[in-house]
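Breakdown of the fold
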Amino acid sequence: MALRLFNTLSGKIDEFIPLDDKRVRMYACGPTVYDYGHIGNFRTFVAVDVLHRFLRQDGYELRHVMNITDVDDKIIRNSAKAGVTVREYTRKYEQAFLEDIDTLSIEQPELVRATDHIPEMARFIAQLEKKGYAYRTDDGSYYFRIAKFPGYGKLSKKDFSGIEVGARVDVDEYDKDNARDFALWKAPKPGEAFWETEIGPGRPGWHIECSVMSTMLLGPTFDLHAGGEDLVFPHHENEIAQSEAETGQPFVRYWFHVRFLLVEGEKMSKSLGNFYTLRDLVLKGHKPSSIRFLLASGHYRTQLNFTFDALKQAANSVERLRNFESRLKTERFAEGPEGTIGKLARETMGKMRAGLEDDLNTPQALGALFEMVRQANAAADAGQVTSGDVAPLQQALGQFDQIFAVLRDDDAPRMRRILDWAIADGKLDHAAKELVEVAGSNGLPDDQVDALVAEHERARKARDFAKSDAIRAQLAQAGIVVENTKQGVRWKRK
Ligand code: AMP
Ligand code: ZN
(Lines give C-alpha, C1' and ligand atoms only; values in the text may rest on other atoms or scores of the structure.)
(Ligands and ions follow the chains in the order given, each with its own letter.)
Protein backbone atom coordinates (compact mmCIF):
# COMPACT_ATOMS: atom_id res chain seq x y z
CA MET A 1 0.00 0.00 0.00
CA ALA A 2 1.03 3.53 -0.43
CA LEU A 3 0.38 6.66 1.55
CA ARG A 4 -3.00 8.28 1.04
CA LEU A 5 -3.77 11.78 2.26
CA PHE A 6 -6.79 14.02 2.25
CA ASN A 7 -6.07 16.83 -0.16
CA THR A 8 -8.02 20.06 0.43
CA LEU A 9 -7.48 21.02 -3.20
CA SER A 10 -9.07 17.89 -4.69
CA GLY A 11 -11.53 17.58 -1.79
CA LYS A 12 -10.83 13.86 -1.37
CA ILE A 13 -8.32 11.32 -0.20
CA ASP A 14 -5.63 10.98 -2.86
CA GLU A 15 -2.78 8.61 -3.26
CA PHE A 16 0.34 10.56 -2.43
CA ILE A 17 2.75 10.54 -5.36
CA PRO A 18 5.61 13.03 -5.05
CA LEU A 19 6.80 14.86 -8.15
CA ASP A 20 10.31 13.53 -7.83
CA ASP A 21 10.02 9.85 -6.99
CA LYS A 22 10.89 9.39 -3.30
CA ARG A 23 11.96 12.99 -2.71
CA VAL A 24 9.28 15.08 -1.02
CA ARG A 25 9.25 18.85 -0.75
CA MET A 26 6.98 20.25 1.92
CA TYR A 27 6.25 23.72 3.21
CA ALA A 28 4.40 24.36 6.45
CA CYS A 29 3.17 27.73 7.65
CA GLY A 30 4.99 28.47 10.86
CA PRO A 31 4.27 30.67 13.84
CA THR A 32 3.70 34.38 13.93
CA VAL A 33 6.19 35.25 16.63
CA TYR A 34 4.34 37.87 18.63
CA ASP A 35 3.54 35.76 21.70
CA TYR A 36 4.12 32.33 23.23
CA GLY A 37 2.62 29.46 21.27
CA HIS A 38 -0.68 28.04 22.51
CA ILE A 39 -1.76 24.43 22.45
CA GLY A 40 -3.94 25.01 19.37
CA ASN A 41 -0.83 26.05 17.46
CA PHE A 42 0.97 23.00 18.77
CA ARG A 43 -1.83 20.71 17.73
CA THR A 44 -1.09 21.75 14.18
CA PHE A 45 2.68 21.60 14.59
CA VAL A 46 2.52 18.15 16.19
CA ALA A 47 0.22 16.87 13.40
CA VAL A 48 2.66 18.19 10.81
CA ASP A 49 5.48 16.55 12.76
CA VAL A 50 3.63 13.22 12.62
CA LEU A 51 3.41 13.64 8.84
CA HIS A 52 7.08 14.64 8.70
CA ARG A 53 8.19 11.63 10.75
CA PHE A 54 5.95 9.20 8.92
CA LEU A 55 7.20 10.30 5.50
CA ARG A 56 10.74 9.61 6.67
CA GLN A 57 9.77 6.29 8.21
CA ASP A 58 7.99 5.33 5.03
CA GLY A 59 11.22 5.79 3.07
CA TYR A 60 10.81 9.27 1.62
CA GLU A 61 13.61 11.75 1.57
CA LEU A 62 12.01 14.87 2.97
CA ARG A 63 12.86 18.53 2.64
CA HIS A 64 10.62 20.39 5.05
CA VAL A 65 10.65 24.18 5.20
CA MET A 66 8.80 26.29 7.74
CA ASN A 67 8.55 30.05 7.85
CA ILE A 68 8.77 32.27 10.85
CA THR A 69 6.42 35.21 10.37
CA ASP A 70 8.31 37.98 12.10
CA VAL A 71 6.48 40.90 10.53
CA ASP A 72 2.73 41.43 10.26
CA ASP A 73 0.03 43.80 11.49
CA LYS A 74 0.07 42.54 15.07
CA ILE A 75 3.85 42.57 15.33
CA ILE A 76 4.11 46.10 13.95
CA ARG A 77 1.45 47.24 16.39
CA ASN A 78 2.83 45.46 19.44
CA SER A 79 6.45 46.39 18.88
CA ALA A 80 5.52 50.05 18.39
CA LYS A 81 3.50 49.91 21.61
CA ALA A 82 6.41 48.35 23.47
CA GLY A 83 8.79 50.94 22.02
CA VAL A 84 11.20 48.34 20.61
CA THR A 85 12.20 47.36 17.09
CA VAL A 86 10.39 44.58 15.25
CA ARG A 87 13.52 42.48 15.56
CA GLU A 88 13.88 42.98 19.30
CA TYR A 89 10.23 42.23 19.76
CA THR A 90 10.14 39.03 17.73
CA ARG A 91 13.45 37.35 18.59
CA LYS A 92 12.34 36.53 22.09
CA TYR A 93 9.26 34.69 20.84
CA GLU A 94 11.15 33.04 18.04
CA GLN A 95 13.57 31.64 20.63
CA ALA A 96 10.64 30.53 22.77
CA PHE A 97 9.12 28.77 19.79
CA LEU A 98 12.34 26.85 19.15
CA GLU A 99 12.42 25.77 22.78
CA ASP A 100 8.77 24.81 22.70
CA ILE A 101 9.11 22.59 19.66
CA ASP A 102 12.05 20.94 21.37
CA THR A 103 9.95 20.48 24.51
CA LEU A 104 7.37 18.68 22.40
CA SER A 105 9.96 16.59 20.52
CA ILE A 106 8.97 18.16 17.22
CA GLU A 107 11.75 17.61 14.69
CA GLN A 108 12.90 21.04 13.67
CA PRO A 109 12.20 21.83 10.01
CA GLU A 110 14.40 24.12 7.95
CA LEU A 111 13.36 27.57 9.17
CA VAL A 112 13.14 30.78 7.14
CA ARG A 113 12.48 34.18 8.56
CA ALA A 114 10.30 36.60 6.63
CA THR A 115 12.41 39.67 7.42
CA ASP A 116 15.48 37.98 5.94
CA HIS A 117 13.86 37.97 2.50
CA ILE A 118 12.23 41.36 2.05
CA PRO A 119 14.12 42.21 -1.19
CA GLU A 120 12.94 38.94 -2.78
CA MET A 121 9.37 39.81 -1.81
CA ALA A 122 9.65 43.26 -3.37
CA ARG A 123 11.05 41.67 -6.54
CA PHE A 124 8.20 39.16 -6.69
CA ILE A 125 5.65 41.98 -6.35
CA ALA A 126 7.40 43.96 -9.08
CA GLN A 127 7.03 40.92 -11.36
CA LEU A 128 3.35 40.59 -10.49
CA GLU A 129 2.85 44.24 -11.34
CA LYS A 130 4.61 43.81 -14.65
CA LYS A 131 2.28 40.91 -15.48
CA GLY A 132 -0.79 42.94 -14.58
CA TYR A 133 -1.69 41.01 -11.40
CA ALA A 134 -0.65 43.72 -9.00
CA TYR A 135 -1.28 47.43 -8.87
CA ARG A 136 0.04 50.30 -6.85
CA THR A 137 -2.20 52.71 -4.96
CA ASP A 138 -1.48 56.39 -4.39
CA ASP A 139 0.09 55.87 -0.99
CA GLY A 140 2.64 53.39 -2.37
CA SER A 141 0.93 50.17 -1.28
CA TYR A 142 0.44 47.25 -3.68
CA TYR A 143 -2.59 45.00 -4.07
CA PHE A 144 -3.30 41.75 -5.86
CA ARG A 145 -6.00 42.05 -8.51
CA ILE A 146 -8.05 38.92 -7.89
CA ALA A 147 -10.35 39.46 -10.88
CA LYS A 148 -7.33 38.76 -13.07
CA PHE A 149 -6.86 35.29 -11.54
CA PRO A 150 -9.74 33.03 -12.63
CA GLY A 151 -8.75 30.19 -10.31
CA TYR A 152 -9.36 32.30 -7.22
CA GLY A 153 -11.46 30.22 -4.80
CA LYS A 154 -10.34 26.79 -6.00
CA LEU A 155 -8.86 25.74 -2.68
CA SER A 156 -11.58 27.07 -0.38
CA LYS A 157 -14.27 26.09 -2.92
CA LYS A 158 -15.79 29.52 -2.78
CA ASP A 159 -17.51 31.10 -5.69
CA PHE A 160 -16.21 34.59 -6.17
CA SER A 161 -17.79 35.23 -9.56
CA GLY A 162 -19.88 38.10 -8.27
CA ILE A 163 -17.08 39.97 -6.59
CA GLU A 164 -16.83 43.67 -6.66
CA VAL A 165 -13.86 44.46 -8.84
CA GLY A 166 -11.32 46.72 -7.23
CA ALA A 167 -12.64 46.53 -3.64
CA ARG A 168 -9.67 46.26 -1.35
CA VAL A 169 -8.71 44.92 2.03
CA ASP A 170 -5.45 45.82 3.70
CA VAL A 171 -5.40 43.78 6.90
CA ASP A 172 -3.54 40.46 7.05
CA GLU A 173 -6.40 38.45 8.48
CA TYR A 174 -9.89 39.06 7.24
CA ASP A 175 -13.38 37.82 7.04
CA LYS A 176 -14.03 34.42 5.53
CA ASP A 177 -16.59 35.70 3.04
CA ASN A 178 -14.69 38.73 2.10
CA ALA A 179 -13.12 38.41 -1.32
CA ARG A 180 -11.20 41.54 -2.03
CA ASP A 181 -8.03 42.62 -3.66
CA PHE A 182 -5.60 41.95 -0.86
CA ALA A 183 -2.48 43.81 0.19
CA LEU A 184 0.85 42.56 -1.10
CA TRP A 185 2.83 45.46 0.20
CA LYS A 186 1.94 48.12 2.71
CA ALA A 187 3.32 51.62 2.54
CA PRO A 188 4.48 52.80 5.97
CA LYS A 189 2.16 54.86 8.12
CA PRO A 190 3.83 57.50 10.31
CA GLY A 191 5.92 55.87 13.01
CA GLU A 192 5.70 52.37 11.53
CA ALA A 193 8.63 50.12 10.73
CA PHE A 194 9.47 49.82 7.03
CA TRP A 195 12.06 48.55 4.58
CA GLU A 196 13.50 50.47 1.59
CA THR A 197 13.13 48.33 -1.55
CA GLU A 198 12.95 48.49 -5.33
CA ILE A 199 9.17 49.03 -5.13
CA GLY A 200 9.53 51.76 -2.53
CA PRO A 201 9.42 51.85 1.28
CA GLY A 202 7.06 49.58 3.16
CA ARG A 203 6.59 46.07 4.43
CA PRO A 204 5.23 42.86 2.97
CA GLY A 205 1.73 41.54 3.58
CA TRP A 206 1.51 38.19 5.34
CA HIS A 207 0.45 36.15 2.30
CA ILE A 208 3.28 37.18 0.03
CA GLU A 209 5.87 35.96 2.55
CA CYS A 210 4.87 32.35 2.15
CA SER A 211 4.57 32.46 -1.64
CA VAL A 212 8.02 33.95 -1.99
CA MET A 213 9.88 31.83 0.54
CA SER A 214 8.29 28.54 -0.49
CA THR A 215 8.96 28.95 -4.21
CA MET A 216 12.41 30.35 -3.50
CA LEU A 217 13.42 27.25 -1.55
CA LEU A 218 11.28 24.50 -3.03
CA GLY A 219 10.69 25.59 -6.63
CA PRO A 220 7.55 26.76 -8.47
CA THR A 221 5.74 23.46 -7.88
CA PHE A 222 6.18 21.34 -4.79
CA ASP A 223 4.45 18.41 -3.14
CA LEU A 224 2.92 19.36 0.16
CA HIS A 225 1.78 22.49 1.92
CA ALA A 226 0.51 22.29 5.49
CA GLY A 227 -1.18 24.48 8.08
CA GLY A 228 -4.18 24.78 10.37
CA GLU A 229 -7.65 24.79 8.81
CA ASP A 230 -8.07 28.50 9.46
CA LEU A 231 -5.43 29.18 6.82
CA VAL A 232 -7.38 27.72 3.88
CA PHE A 233 -8.99 31.09 3.28
CA PRO A 234 -7.69 33.65 2.77
CA HIS A 235 -4.04 32.81 3.43
CA HIS A 236 -3.56 29.72 1.27
CA GLU A 237 -6.02 30.83 -1.39
CA ASN A 238 -3.95 34.01 -1.70
CA GLU A 239 -0.69 32.09 -1.79
CA ILE A 240 -1.99 30.06 -4.74
CA ALA A 241 -3.11 33.20 -6.58
CA GLN A 242 0.21 35.00 -6.07
CA SER A 243 2.42 32.03 -6.89
CA GLU A 244 0.54 30.73 -9.89
CA ALA A 245 0.17 34.24 -11.30
CA GLU A 246 3.90 34.75 -11.03
CA THR A 247 5.21 31.36 -12.19
CA GLY A 248 2.40 30.26 -14.51
CA GLN A 249 2.71 26.77 -13.01
CA PRO A 250 0.67 24.80 -10.49
CA PHE A 251 1.84 25.79 -7.00
CA VAL A 252 1.19 22.89 -4.63
CA ARG A 253 -0.02 19.38 -5.32
CA TYR A 254 -1.33 18.28 -1.91
CA TRP A 255 -2.76 20.62 0.69
CA PHE A 256 -2.75 19.28 4.24
CA HIS A 257 -4.95 21.06 6.79
CA VAL A 258 -5.28 20.29 10.47
CA ARG A 259 -8.60 20.81 12.26
CA PHE A 260 -8.87 23.20 15.10
CA LEU A 261 -8.41 22.24 18.70
CA LEU A 262 -11.17 22.88 21.21
CA VAL A 263 -10.60 23.16 24.94
CA GLU A 264 -13.19 21.52 27.19
CA GLY A 265 -15.56 21.59 24.21
CA GLU A 266 -15.19 25.26 23.44
CA LYS A 267 -13.19 27.42 21.14
CA MET A 268 -10.07 28.44 22.99
CA SER A 269 -10.06 32.11 23.85
CA LYS A 270 -8.55 34.37 26.43
CA SER A 271 -11.95 35.74 27.39
CA LEU A 272 -13.33 32.27 28.19
CA GLY A 273 -10.36 31.56 30.43
CA ASN A 274 -9.59 28.35 28.54
CA PHE A 275 -6.54 29.63 26.71
CA TYR A 276 -3.34 27.74 27.42
CA THR A 277 0.16 28.10 26.17
CA LEU A 278 2.36 25.03 26.24
CA ARG A 279 4.25 26.67 29.10
CA ASP A 280 1.07 27.19 31.12
CA LEU A 281 0.39 23.47 31.02
CA VAL A 282 3.92 22.50 31.99
CA LEU A 283 3.83 24.94 34.89
CA LYS A 284 0.68 23.20 36.04
CA GLY A 285 2.77 20.06 36.31
CA HIS A 286 1.83 18.33 33.05
CA LYS A 287 4.58 16.46 31.32
CA PRO A 288 5.56 17.36 27.77
CA SER A 289 5.22 13.70 26.80
CA SER A 290 1.58 13.63 27.96
CA ILE A 291 0.84 16.79 26.01
CA ARG A 292 2.49 15.48 22.87
CA PHE A 293 0.75 12.14 23.19
CA LEU A 294 -2.63 13.81 23.57
CA LEU A 295 -2.07 16.12 20.60
CA ALA A 296 -0.88 13.26 18.38
CA SER A 297 -3.49 10.75 19.43
CA GLY A 298 -6.47 12.34 17.68
CA HIS A 299 -6.82 12.08 13.93
CA TYR A 300 -5.64 15.36 12.42
CA ARG A 301 -8.92 15.89 10.57
CA THR A 302 -11.20 15.42 13.55
CA GLN A 303 -11.75 18.15 16.03
CA LEU A 304 -9.60 17.41 19.04
CA ASN A 305 -11.22 18.28 22.33
CA PHE A 306 -8.50 19.07 24.81
CA THR A 307 -9.56 18.33 28.39
CA PHE A 308 -7.61 17.84 31.60
CA ASP A 309 -9.13 14.39 31.94
CA ALA A 310 -7.84 13.44 28.52
CA LEU A 311 -4.44 14.81 29.51
CA LYS A 312 -4.39 12.56 32.57
CA GLN A 313 -5.34 9.59 30.42
CA ALA A 314 -2.57 10.49 28.00
CA ALA A 315 -0.11 10.50 30.90
CA ASN A 316 -1.35 7.03 31.91
CA SER A 317 -0.99 5.75 28.37
CA VAL A 318 2.60 6.95 28.14
CA GLU A 319 3.30 5.43 31.54
CA ARG A 320 1.88 2.09 30.45
CA LEU A 321 4.10 2.05 27.37
CA ARG A 322 7.20 3.06 29.31
CA ASN A 323 6.53 0.36 31.88
CA PHE A 324 6.08 -2.20 29.18
CA GLU A 325 9.32 -1.13 27.53
CA SER A 326 11.22 -1.42 30.78
CA ARG A 327 9.61 -4.78 31.52
CA LEU A 328 11.01 -6.06 28.24
CA LYS A 329 14.45 -4.81 29.24
CA THR A 330 14.57 -6.06 32.80
CA GLU A 331 12.47 -9.20 33.02
CA ARG A 332 13.97 -12.62 32.25
CA PHE A 333 11.82 -14.54 29.82
CA ALA A 334 12.00 -18.27 29.18
CA GLU A 335 14.55 -19.13 26.52
CA GLY A 336 12.84 -20.00 23.30
CA PRO A 337 12.22 -19.02 19.69
CA GLU A 338 9.75 -16.39 18.61
CA GLY A 339 6.20 -17.53 19.31
CA THR A 340 2.69 -16.16 19.05
CA ILE A 341 3.52 -12.91 20.82
CA GLY A 342 6.42 -12.24 18.48
CA LYS A 343 4.09 -12.92 15.60
CA LEU A 344 1.55 -10.53 17.10
CA ALA A 345 4.27 -7.85 17.31
CA ARG A 346 5.04 -8.26 13.61
CA GLU A 347 1.36 -8.02 12.71
CA THR A 348 1.13 -4.93 14.87
CA MET A 349 3.93 -3.27 12.95
CA GLY A 350 2.00 -3.90 9.75
CA LYS A 351 -1.19 -2.52 11.27
CA MET A 352 0.47 0.61 12.56
CA ARG A 353 1.93 1.30 9.17
CA ALA A 354 -1.37 0.58 7.41
CA GLY A 355 -3.16 2.92 9.81
CA LEU A 356 -0.75 5.76 9.17
CA GLU A 357 -0.75 5.18 5.42
CA ASP A 358 -4.51 5.59 5.58
CA ASP A 359 -4.53 9.38 5.84
CA LEU A 360 -2.35 9.35 8.97
CA ASN A 361 -4.84 7.53 11.11
CA THR A 362 -3.01 7.80 14.44
CA PRO A 363 -5.91 6.40 16.54
CA GLN A 364 -5.86 3.25 14.44
CA ALA A 365 -2.08 2.86 14.84
CA LEU A 366 -2.39 3.41 18.59
CA GLY A 367 -5.25 0.95 18.87
CA ALA A 368 -3.08 -1.77 17.32
CA LEU A 369 -0.15 -0.97 19.60
CA PHE A 370 -2.15 -0.95 22.83
CA GLU A 371 -3.80 -4.23 21.90
CA MET A 372 -0.34 -5.72 21.45
CA VAL A 373 0.81 -4.39 24.82
CA ARG A 374 -2.30 -5.72 26.53
CA GLN A 375 -1.86 -9.20 25.10
CA ALA A 376 1.90 -9.26 25.66
CA ASN A 377 1.54 -8.18 29.31
CA ALA A 378 -1.08 -10.88 29.91
CA ALA A 379 1.11 -13.47 28.22
CA ALA A 380 4.15 -12.36 30.21
CA ASP A 381 2.16 -12.65 33.47
CA ALA A 382 1.26 -16.19 32.46
CA GLY A 383 4.88 -17.01 31.58
CA GLN A 384 4.08 -17.31 27.90
CA VAL A 385 6.50 -14.78 26.46
CA THR A 386 9.76 -16.25 25.16
CA SER A 387 13.16 -14.60 24.80
CA GLY A 388 12.59 -14.75 21.04
CA ASP A 389 9.50 -12.57 21.34
CA VAL A 390 11.39 -9.69 22.91
CA ALA A 391 13.10 -8.36 19.79
CA PRO A 392 9.94 -8.02 17.67
CA LEU A 393 8.10 -6.44 20.60
CA GLN A 394 10.89 -3.91 20.98
CA GLN A 395 10.90 -3.31 17.27
CA ALA A 396 7.19 -2.54 17.34
CA LEU A 397 7.72 -0.07 20.18
CA GLY A 398 10.58 1.49 18.24
CA GLN A 399 8.43 1.86 15.13
CA PHE A 400 5.72 3.50 17.22
CA ASP A 401 8.16 5.86 18.89
CA GLN A 402 9.74 7.06 15.66
CA ILE A 403 6.41 8.78 15.11
CA PHE A 404 5.02 9.46 18.59
CA ALA A 405 8.32 10.20 20.35
CA VAL A 406 7.17 9.79 23.94
CA LEU A 407 9.05 6.77 25.28
CA ARG A 408 12.29 8.42 26.29
CA ASP A 409 11.81 9.80 29.76
CA ASP A 410 13.29 13.25 29.43
CA ASP A 411 10.32 15.17 30.76
CA ALA A 412 12.11 16.41 33.87
CA PRO A 413 14.86 18.49 32.19
CA ARG A 414 12.35 19.97 29.79
CA MET A 415 10.03 20.94 32.61
CA ARG A 416 12.93 22.39 34.52
CA ARG A 417 13.87 24.59 31.59
CA ILE A 418 10.38 26.06 31.66
CA LEU A 419 10.60 26.54 35.40
CA ASP A 420 13.89 28.42 34.97
CA TRP A 421 12.29 30.61 32.37
CA ALA A 422 9.35 31.30 34.66
CA ILE A 423 11.71 32.32 37.43
CA ALA A 424 13.82 34.51 35.15
CA ASP A 425 10.73 36.11 33.68
CA GLY A 426 9.41 37.05 37.11
CA LYS A 427 6.54 34.58 36.87
CA LEU A 428 7.77 32.76 39.92
CA ASP A 429 4.85 33.26 42.24
CA HIS A 430 2.60 31.86 39.62
CA ALA A 431 5.07 29.09 38.85
CA ALA A 432 5.61 28.22 42.48
CA LYS A 433 1.91 27.97 43.00
CA GLU A 434 1.49 25.70 40.03
CA LEU A 435 4.43 23.61 41.16
CA VAL A 436 2.63 22.87 44.36
CA GLU A 437 0.13 21.07 42.18
CA VAL A 438 3.00 19.02 40.78
CA ALA A 439 4.12 18.36 44.31
CA GLY A 440 0.67 17.16 45.20
CA SER A 441 0.70 14.60 42.44
CA ASN A 442 4.26 13.36 42.22
CA GLY A 443 6.42 15.07 44.83
CA LEU A 444 8.46 18.20 44.27
CA PRO A 445 11.94 17.13 43.13
CA ASP A 446 14.89 18.30 45.23
CA ASP A 447 16.34 20.70 42.70
CA GLN A 448 13.01 22.43 42.24
CA VAL A 449 12.75 22.83 46.00
CA ASP A 450 16.30 24.24 45.97
CA ALA A 451 15.28 26.77 43.34
CA LEU A 452 12.24 27.84 45.33
CA VAL A 453 14.15 28.05 48.58
CA ALA A 454 16.83 30.17 46.93
CA GLU A 455 14.19 32.47 45.53
CA HIS A 456 12.64 32.69 48.97
CA GLU A 457 15.97 33.69 50.42
CA ARG A 458 16.54 36.34 47.76
CA ALA A 459 13.11 37.80 48.42
CA ARG A 460 13.78 37.84 52.16
CA LYS A 461 17.11 39.61 51.74
CA ALA A 462 15.48 42.13 49.44
CA ARG A 463 12.92 42.64 52.23
CA ASP A 464 10.15 41.61 49.84
CA PHE A 465 8.27 39.89 52.65
CA ALA A 466 5.05 39.51 50.76
CA LYS A 467 6.89 37.40 48.22
CA SER A 468 8.99 35.44 50.69
CA ASP A 469 5.93 34.66 52.81
CA ALA A 470 4.03 33.53 49.75
CA ILE A 471 6.82 31.19 48.70
CA ARG A 472 7.16 29.83 52.23
CA ALA A 473 3.43 29.14 52.34
CA GLN A 474 3.60 27.43 48.99
CA LEU A 475 6.51 25.29 50.08
CA ALA A 476 4.65 24.43 53.27
CA GLN A 477 1.72 23.26 51.22
CA ALA A 478 4.10 20.96 49.38
CA GLY A 479 5.25 19.55 52.71
CA ILE A 480 8.56 21.41 52.78
CA VAL A 481 9.75 23.17 55.93
CA VAL A 482 12.29 25.94 55.57
CA GLU A 483 14.60 26.56 58.54
CA ASN A 484 17.07 29.35 59.15
CA THR A 485 20.10 27.91 60.94
CA LYS A 486 23.52 29.27 61.82
CA GLN A 487 24.87 27.43 58.79
CA GLY A 488 22.34 29.12 56.56
CA VAL A 489 19.00 28.17 55.14
CA ARG A 490 18.00 24.51 55.18
CA TRP A 491 14.90 22.70 54.17
CA LYS A 492 13.44 19.34 54.95
CA ARG A 493 10.41 17.33 54.08
CA LYS A 494 7.73 16.91 56.72
P1 AMP B 1 -0.18 31.57 14.08
O2 AMP B 1 1.00 31.63 14.99
O3 AMP B 1 -1.40 32.20 14.64
O4 AMP B 1 0.16 32.09 12.70
O5 AMP B 1 -0.58 30.03 13.91
C6 AMP B 1 0.36 29.00 13.73
C7 AMP B 1 -0.36 27.74 13.29
O8 AMP B 1 -1.27 27.29 14.29
C9 AMP B 1 -1.19 27.89 12.02
O10 AMP B 1 -0.99 26.75 11.19
C11 AMP B 1 -2.62 27.94 12.54
O12 AMP B 1 -3.51 27.46 11.58
C13 AMP B 1 -2.54 26.99 13.72
N14 AMP B 1 -3.59 27.19 14.74
C15 AMP B 1 -3.97 28.33 15.36
N16 AMP B 1 -4.96 28.10 16.27
C17 AMP B 1 -5.22 26.77 16.23
C18 AMP B 1 -6.14 25.88 16.92
N19 AMP B 1 -7.00 26.32 17.87
N20 AMP B 1 -6.11 24.57 16.59
C21 AMP B 1 -5.27 24.10 15.65
N22 AMP B 1 -4.39 24.86 14.98
C23 AMP B 1 -4.35 26.18 15.24
ZN1 ZN C 1 1.86 30.74 5.28
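Attention here is on the structure that accompanies the text. Note that the structure is predicted; figures quoted are calculated from it, not measured.

**Let's talk about the packing of helix α13 (residues 411-424) against helix α15 (residues 446-461)**
At their nearest, the axes of α13 and α15 sit 11 Å apart, and the two run at 5 degrees to each other. Regarding the angle of α13 to α15, the classification is roughly parallel. Facing R416, L419 and I423 of α13, the residues of α15 in contact are D447, Q448, A451 and E455. Its residues placed into classes, the contact of α13 with α15 shows 3 nonpolar, 1 polar and 3 charged.

**Here we look at the side chain of R53**
Structurally, R53 can be placed in helix α1 (residues 39-57). With residues near it in sequence (within four places) discarded, R53 still touches S105, E107, R292, D401, Q402, I403 and A405.

**Re the coordination of the zinc ion (ligand 2)**
Ideal coordination angles are 109.5 degrees for a metal with four donors arranged tetrahedrally and 90 or 180 degrees for a metal with six donors arranged octahedrally. Listed as protein donors to the zinc ion (ligand 2) are C29 (SG), C210 (SG) and H235 (NE2); their distances from the metal cover 2.1 to 2.2 Å. Taken in chain order, the donor set of the zinc ion (ligand 2) reads C-x180-C-x24-H. Of this pair, C29 sits in the loop between β3 (23-28) and α1 while C210 sits in helix α5 (residues 206-218), and the two are 181 residues apart along the sequence. Judged by its relative accessible area of 0%, C210 is buried.

**Here we look at the pattern of salt bridges**
Using the criterion set out here, one finds 39 salt bridges in the structure. Among the ionic pairs, D49 bridges to R53, the shortest N-O distance being 2.9 Å. With D49 and R53 both in helix α1 and 4 residues apart, the pair spans about one turn of that helix. Relative accessible area serves as the criterion here: at 12%, R53 is assigned to the buried category.

**Digging into the sheet that holds strand β12 (residues 222-228)**
Read from one edge to the other, the open sheet built from 5 strands follows the order β5-β4-β3-β12-β13, with strand pairing classed as parallel. Looking along the sheet, the strands with just one partner apiece sit at the ends: β5 (110-113) and β13 (252-258). Neighbour to neighbour, the strand axes of the sheet diverge by 25 degrees on average, direction disregarded. When β3 meets β12, the two strands line up parallel, connected through 3 bridges. Bridge pairing in β12 links Y27 to H225. In the packing of α5 onto the sheet, contacts are made with β3, β4 (61-68), β5 and β12, and the angle to β4 comes to roughly 150 degrees.

**Let's talk about the environment of F149**
Note that F149 resides in the loop between β7 (142-144) and β8 (168-169). A relative accessible area of 9% places F149 in the buried class. Counting along the chain gives 36 residues from F149 to R113, while the straight-line C-alpha distance between them is 28 Å. Not counting the four nearest positions on each side in its chain, F149 is found in contact with Y133, F144, I240, A241, E244 and A245.

**Focus: the site of ligand 1**
The environment of ligand 1 is made up of 15 residues, and the closest members are T32, G40, T44, D230 and L261. Within the backbone of G40, one N or O atom sits 3.0 Å away from a nitrogen atom of ligand 1. Here an oxygen atom of ligand 1 and a side-chain polar atom of D230 are 2.4 Å apart. Here ligand 1 loses 89% of its free accessible area of 490 Å² to cover by the protein chains. At the level of elements, α1 and β12 are the ones that each hand at least two residues to the shell around ligand 1. At 4 residues, α1 tops the list of elements feeding residues into the shell around ligand 1. When grouped by side-chain class, the residues that make up the shell around ligand 1 number 5 nonpolar, 8 polar and 2 charged.

**Points about the sheet that holds strand β15 (residues 266-267)**
The mixed open sheet is built from 3 strands, whose spatial order is β15-β14-β16. Here the strands that pair on one side only, and so sit at the sheet edges, are β15 and β16 (304-306). Bridge count for strand β14 (residues 261-263) against β15 is 2 bridges, and the pairing is antiparallel. Counted as the bridge partner of V263 is E266 from β15. Packing of α1 onto the sheet brings it into contact with β14 and β16, and relative to β14 it is tilted by some 145 degrees.

**Some thoughts on unusual backbone geometry**
A cis amide bond, omega 0 degrees, links F233 with the succeeding residue P234. Here P234 shows up in helix α6 (residues 232-247). Located in the positive-phi region is A405, a residue other than glycine, with phi close to 50 degrees. Within the secondary structure, A405 sits in the loop between α12 (387-404) and α13. For R463, which is not glycine, the phi dihedral falls at a positive 55 degrees. As for its placement among the helices and strands, R463 is situated in the loop between α15 and α16 (465-477). On the accessibility criterion, R463 (63% relative accessible area) is exposed.

Calculation rules
- Residues numbered from 1 in each chain as written.
- Chains lettered and ligands numbered in written order.
- Predicted model: local features only at pLDDT ≥ 70, side-chain atom pairs only at ≥ 80, totals over all residues.
- Heavy atoms only, no water.
- Axes fitted to C-alpha atoms, helices over the stretch in contact; angles between N-to-C directions.
- Helix = DSSP H or I, 4+ residues; strand = E, 2+ residues; numbered from the N terminus.
- Parallel < 35°, antiparallel > 145°, perpendicular 65-115°, else oblique.
- Contact = heavy atoms within 4.5 Å.
- Nonpolar A, V, L, I, M, F, W, Y, C, P; charged D, E, K, R; others polar.
- Donors = N, O, S within 2.8 Å, 3.2 Å for Na, K, Ca; no water.
- Buried < 20%, exposed > 50% of the residue type's maximum accessible area, 1.4 Å probe, protein only.
- Salt bridge = Lys/Arg side-chain N within 4 Å of Asp/Glu carboxyl O.
- Pairing = 2+ DSSP bridges.
- Near = heavy atom within 4 Å.
- Polar contact = N/O pair within 3.5 Å; in protein donor to acceptor, adjacent residues only side chain to side chain.
- Areas by Shrake-Rupley, 256 points an atom, 1.4 Å probe, with all protein chains shown as cover.

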